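# Coordinate inspection notes
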Amino acid sequence: MADYSYIKAKNIKQAMELLEQPNSIVSAGGSVLLLMIKEGAFPNGGQFVDITGLPELRGITFEDGKLRIGALVTVRELLNSPLVAEYLPALFDACSVFADPLTRNTATIGGNFAVSSPSADCVIPLIAIGAQLELLSKAGKRIIACEELFCGPGQNTLKKGELISAVIAPFALSSAFCKQGLRKAMAISVATAAASLSLDCEGIITSCRLALGSVAPVPLRIYATEKLLVGKNINDDLLPVLRDSVKQQIKPIDDCRSTAEYRLELAPVLLSRAVVLAGKRYFN
Amino acid sequence: MRGKTLVTFNLNGCEVSLPVKAEESLLNALRRHGCTDLKCGCEAGSCGSCALLLDGLAVKSCIIPAASVNGKQIWTAAALCEYDTLAKSLAESFIDCGAVQCGFCTPGMIIASYAYIKDGGKADRQAIRRALSGNLCRCTGYKKIVDAVEKVAGSFFC
C-alpha cells in the first residue's frame, strides 16, 4: 500500500527544499488532492508539503501596473475583491460560476492551474486576459504565459521542485467569460469561452485574445480566430465569422458530460457570446 | 505511530488532538472521533452533507486533509445549533417548515445556510438557492429548505 506523510513548510526556503525531494506533493487548498489520491494519481505514495503557511503566496496587489494574485488566493477571495471585479471581469465571471460556494472557500487559483485540467474555469479567462504565471524553485524565479503551462489533460510543464507562486494579470476591462455546464452548480464545464478585446471608438476590434475550455486536451488559445476578428465591428453578428475557424482549431471528445459533435457547435456560440459581452463592457 | 501526524485543533469549543494519516479526510477523522453529525455522502466534494465551519468558513470536510487543520477552529452543525442563536433559529425553522425528511443532508444544509446569513445573505429565494447549490437533498425538492432559510434570513440581523 502507498505510504503518505505530511509536513507543513515553515517558510519559502524550506518549501523549496522540500519540493526538491523526489516524492513531494504540493498541498494547498485541499479541494482536489484527496480525490486525486483516490483516483490513484500517486501510486507510490509521497510527502505532502503543505504550503498554506507561506504569506508570500497570499494577497491581491498592484505590481508594475498589473495585478499580482498570490497562488493561495481562494476563489472566494477573488469574488470578494473589488480589484478583480473591476479590472479582470472575465475572471470574476468564472469565479461566480466556479463549483459551489463551499468549494470556493477552499479552492485556490494556484491549484486550478496545477491540476492542469482542460476544463479549469479560472484558467480560461486568464489565458484570454494575457496573464502570466510566476514559478518559484530553489534555482530562482521564472515567468511563463499561462497557456505555456499545459501539455496534456492533467499534465503540465512544471519542473521538479517548481511551485506556482502567483498569477500576474494585466488589466482587461473589456473581457468576459461564458460557461456551459449540465447544471448551475458543481458542474465541470461542457465547454467554456473567454475573450479580451481592444476596440476603437466605432466598435472595430483592434486586437483580441480568445481562449476555450473543455474542447481540446489543454486549455486552448485560438490564435487564428483572434487574427480573423481584428478589423471586424463588434456590433455585427460575429458568429458566422468565427464559426468555421473555431471548429478547425478545436479537438473535442465524447465524455460523460457531452459529445464531440455538440461541443463543436457549442464552442463558437459561447465564444461569440463572450466577445459580445466583452464588447459591451468596453463601452460601459 | 508511524505514518501518522498529530493534529491539534479546537473542535466545537474544546481543544482536541488526533493522530491522523496524511491521506485521511477531515470527515473521516472527525467521525472516528464521534462527530456523527457530519454525514458521509459522496466523499468526493459534491454533495455537501459533510459540511462544517473551518475558521468560520463553510467547507466540505470529505476533501480536506485532516492533517492540514492544525491550530484551526472547527464547528459542526450539532454543537453550533446548541450554542449559537442563529444556528438554533435555523434548526427550529427547519423543523417548523418541514424542511427535514430523512435528515441526512440537514447538518450540511444548516452549515451552508448559517454561512450564507453570516455573510449578510438576505431573504432572497434565488440567492438562497445559489448559496445552497453545493448541498444536495434527495427528499424535499428544496422548496421547504429554502422556506426555512428565508424565514430566518428575513428576521435575523448579524
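None of these values were measured; they are calculated from a predicted model.

Reading the values: rules and limits
- Residues numbered from 1 in each chain as written.
- Chains lettered and ligands numbered in written order.
- Predicted model: local features only at pLDDT ≥ 70, side-chain atom pairs only at ≥ 80, totals over all residues.
- Heavy atoms only, no water.
- Pairing = 2+ DSSP bridges.
- Helix = DSSP H or I, 4+ residues; strand = E, 2+ residues; numbered from the N terminus.
- Contact = heavy atoms within 4.5 Å.
- Axes fitted to C-alpha atoms, helices over the stretch in contact; angles between N-to-C directions.
- Buried area = accessible area lost by both parts, 1.4 Å probe.
- Salt bridge = Lys/Arg side-chain N within 4 Å of Asp/Glu carboxyl O.
- Polar contact = N/O pair within 3.5 Å; in protein donor to acceptor, adjacent residues only side chain to side chain.
- Parallel < 35°, antiparallel > 145°, perpendicular 65-115°, else oblique.
- Left-handed = near helix turned anticlockwise from the far one by under 90°.
- Nonpolar A, V, L, I, M, F, W, Y, C, P; charged D, E, K, R; others polar.
- Buried < 20%, exposed > 50% of the residue type's maximum accessible area, 1.4 Å probe, protein only.
- Domains from an automatic or database assignment.
- Core = buried A, V, L, I, M, F, W, Y, C linked by side-chain atoms within 4.5 Å.

## So, the sheet that holds strand β11 (residues 175-180) of chain A
Residues and elements named next belong to chain A.
- Sheet architecture is open: four strands sit in the order β11-β12-β13-β14, paired in antiparallel fashion. Only two strands of the sheet have a single neighbouring strand rather than two, namely β11 and β14 (220-221).
- Bridge count for strand β12 (residues 191-199) against strand β13 (residues 205-213) is eight bridges, and the pairing is antiparallel. Within β13, the position partnered with leucine 199 by the bridge is isoleucine 205.
- Of the strands in this sheet, β11, β12 and β13 are in contact with helix α11 (residues 260-282), which crosses β12 at around 35°.

## Topic: the interface of chain B and chain A
- Each side of the interface is counted separately: chain B has 30 residues, and chain A has 24 residues.
- Here chain B meets chain A over a buried area of about 2200 Å², counting both sides, of which 60% is carbon and sulfur.
- At the junction of chain B with chain A, the criterion picks out two salt bridges.
- Between aspartate 119 of chain B and arginine 76 of chain A there is a salt bridge, with the nearest N and O atoms lying 3.1 Å from each other.
- On inspection of chain B and its partner chain A, the count reaches six residue pairs in polar contact (both at pLDDT 80 or more).
- Those elements giving two or more residues to the side of chain B that touches chain A turn out to be β4 (57-60) and α5 (125-131) of chain B.
- For the side of chain B that touches chain A, the element with the most residues is β4 of chain B, which contributes four residues.

## As for the packing of helix α10 (residues 239-249) of chain A against α11 of chain A
Residue and element names in this part refer to chain A.
- Interhelical geometry of α10 versus α11 gives an angle of 135° and a closest axis separation of 9 Å. For the element pair α10 / α11, the angle class is oblique. Considering how the two elements wind past one another, α10 and α11 form a crossing that is right-handed. Listed contacts from α11 to Leu239, Leu242, Arg243, Val246 and Lys247 of α10 are Leu264, Glu265, Ala267, Pro268, Val269, Leu271 and Ser272.
- Its residues assigned to classes, the contact of α10 with α11 comprises eight nonpolar, one polar and three charged.

## Details of the sheet that holds strand β5 (residues 73-75) of chain B
Residues and elements named next belong to chain B.
- Taken in spatial order, the five strands of this open sheet run β2-β1-β5-β3-β4, and their pairing is mixed. Both edges of this open sheet fall to β2 (14-21) and β4, since each of them pairs with a single strand only. This sheet shows a mean twist of 40° between the axes of neighbouring strands, independent of strand direction.
- Note that strand β3 (residues 51-54) and β4 share four bridges and pair antiparallel. Residue pairing for β4: leucine 54 is matched across the bridge by leucine 57.
- Along the sheet, helix α4 (residues 106-118) contacts β3, β4 and β5; its crossing angle with β3, the most-contacted strand, is approximately 40°.

## Some points on the pairing of strand β6 (residues 132-137) of chain A
All names here are of chain A.
- Extensive coverage of β6 is indicated by the burial of five of its six residues.
- Two elements, β6 and strand β7 (residues 140-145), share six bridges in a ladder whose sense is antiparallel. For glutamine 132, the partnering residue across the bridge sits in β7 and is alanine 145.
- Joining the antiparallel neighbours β6 and β7 is a turn of two residues.
- Examined bridge by bridge, β6 and strand β10 (residues 163-170) share five bridges and lie antiparallel to one another. If you follow leucine 136 over to β10, its bridge partner there is leucine 163.

## Here we look at the domain arrangement of chain B
Residues and elements named next belong to chain B.
- Once the domains are mapped, chain B shows domain 1 (4-78) and domain 2 (81-153).
- Once you take the C-alpha centre of each, domain 1 and domain 2 turn out to be 21 Å apart.
- Opposite the 17 residues of domain 1 that make contact, domain 2 presents twelve residues.
- Both sides together, the interface formed by domain 1 and domain 2 hides about 1200 Å², and carbon and sulfur atoms give 69% of it.
- Of all residues in domain 1, the largest losses of buried area upon contact with domain 2 belong to Lys39, Leu53 and Ala77, amounting jointly to 34% of the total for that side.
- Sorting the residues of the side of domain 1 that touches domain 2 by element identifies β3, β4 and α2 (77-83) as the ones contributing at least two each.
- For the side of domain 1 that touches domain 2, the element with the most residues is β3, which contributes three residues.

## Focus: the environment of glycine 130 of chain A
Residues and elements named next belong to chain A.
- Tracing the sequence through the fold places glycine 130 in the loop between α8 (123-129) and β6.
- Accessibility expressed as a relative area gives 23% for glycine 130, which makes it partly exposed.
- Sequence separation between glycine 130 and phenylalanine 171 is 41 residues; the distance between their C-alpha atoms is 9.3 Å.

## Quick word on the environment of alanine 120 of chain A
- Note on placement: alanine 120 of chain A falls in the loop between α7 (109-114) and α8.
- Here the alpha-carbon distance between alanine 120 of chain A and glycine 213 of chain A, two residues 93 residues apart in the chain, equals 7.2 Å.

## Digging into the nonpolar core
All names here are of chain A.
- Counting residues in hydrophobic clusters, the biggest one holds 71 residues, and the most contacted among them are Leu91, Ile109, Phe113, Leu126, Leu133, Leu212 and Val275.
- Looking at which element gives the most residues to this core, the answer is α11, with seven residues.
- Residue-level mapping places this core at the junction of two domains, with at least three residues from each of domain 2 (55-170) and domain 3 (175-282).
- Contact partners of leucine 212, with chain neighbours within four places excluded, come to Ile124, Thr192, Ala193, Pro219, Leu220, Ile222, Val246, Ile250, Ala267 and Leu271.

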